[in-house]
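# Working through the structure, step by step
Here are the chains, one letter per residue:
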Amino acid sequence: DMAAAYVRMGRFYDGVVAYQRAMDICRKTLGEDRFEYAVLLENYAHVLRKLGRKREAKAAQAQGQRIQQEFNRRNGVGAAISVTALRSDRAVSDPR
């Protein structure tokens, strides 16, 4: 995805814009309660942290984790693992 490519190139501001655009599209087409949206939020939080925007990053990550937990509860997933827990130093994409 374009946002992750920007982040890998060190173009964090472009990555923020691309993640915001992707989140907007996801929210409008799939809704905010989808796992895909949670993944975007957590990747967005990662980029915000890189830019020193810690407060915004913390809020985005918390929202992503809440969505993941609700998704896991609704779908009977017993051992939920946060995308953040799986993250390396680079942005991750949907684990599917």
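So, here's what we can say about the structure. From a predicted model like this one, the values you see are computed outputs, not experimental measurements.

### A few points about the packing of aromatic side chains
Applying the stated criterion across every chain yields a total of one aromatic pair. With a centroid separation of 5.5 Å and an interplanar angle of 45°, the aromatic rings of Phe35 and Phe71 are classed as tilted. Remark: Phe71 occurs in helix 4 (residues 54-74) and Phe35 occurs in helix 3 (residues 35-50); sequence separation between them is 36 residues. Taking the relative accessible area as the measure of exposure, Phe35 reaches 12% and is therefore buried. Overall, Phe71 belongs to the partly exposed group, its relative accessible area being 23%.

### Some thoughts on the packing of helix 3 against helix 4
If you want to describe how two helices pack, look at the angle between their axes and the distance between the axes. Closest axis-to-axis distance for the helix 3/helix 4 pair is 8 Å, and the angle between their directions is 160°. As summarised for this structure, helix 3 and helix 4 are arranged roughly antiparallel, according to the angle between their axes. For the element pair helix 3 and helix 4, the recorded crossing hand is left-handed. Only Glu56, Ala57, Ala60, Gln61, Gln63, Gly64, Gln65, Ile67, Gln68 and Phe71 of helix 4 make contact with helix 3, whose side of the interface consists of Phe35, Tyr37, Ala38, Leu41, Glu42, Tyr44, Ala45, Leu48 and Arg49. Across the contact of helix 3 with helix 4, the residue classes tally to 11 nonpolar, five polar and three charged.

### Let's talk about the packing of helix 2 (residues 12-29) against helix 3
As a packed pair, helix 2 and helix 3 sit with axes 10 Å apart at the nearest point and diverge in direction by 160°. If you check the angle between helix 2 and helix 3, you find them roughly antiparallel. Viewed along their axes, helix 2 and helix 3 form a crossing whose handedness is left-handed. Contacts from Phe12, Val16, Tyr19, Gln20, Ala22, Met23, Cys26 and Arg27 in helix 2 reach Glu36, Tyr37, Leu40, Leu41, Asn43, Tyr44, Val47, Leu48 and Lys50 in helix 3.

Parameters at a glance
- The residue numbering used here restarts from 1 in each chain and proceeds along that chain's sequence as written.
- Note on the predicted model: pLDDT of at least 70 is required for a residue's local features to be given, and 80 or more for side-chain atom pairs to be given and counted; whole-chain, interface and lining totals, by contrast, use all residues.
- Side-chain figures throughout are based on the complete set of non-hydrogen atoms in the structure, without hydrogens or water.
- A pair of aromatic rings is counted whenever rings of Phe, Tyr or Trp (Trp by its six-membered ring) have centres within 6.5 Å, and the orientation is called stacked for planes under 30 degrees apart, edge-to-face for over 60 and tilted otherwise.
- Helix and strand assignments come from DSSP, with helices taken as H or I runs of at least 4 residues and strands as E runs of at least 2, each series counted from the N terminus.
- Exposed residues in this analysis have more than 50% of their type's maximum accessible area, buried residues have under 20%, and partly exposed residues fall in between, with area computed by a 1.4 Å probe over protein chains only.
- Every axis in this analysis is a line fitted to C-alpha atoms, fitted for helices over the stretch in contact. Angles between the N-to-C directions lie between 0 and 180 degrees.
- Should an angle fall under 35 degrees it is called roughly parallel, over 145 degrees roughly antiparallel, and 65 to 115 degrees roughly perpendicular, with every other angle called oblique.
- Left-handed describes a crossing whose near helix is turned anticlockwise from the far helix through less than a right angle; right-handed describes the clockwise counterpart.
- Contacts are assigned to residue pairs that have any heavy atoms within 4.5 Å of one another.
- When residues are grouped by polarity, Ala, Val, Leu, Ile, Met, Phe, Trp, Tyr, Cys and Pro land in nonpolar, Asp, Glu, Lys and Arg in charged, and all others, Gly among them, in polar.

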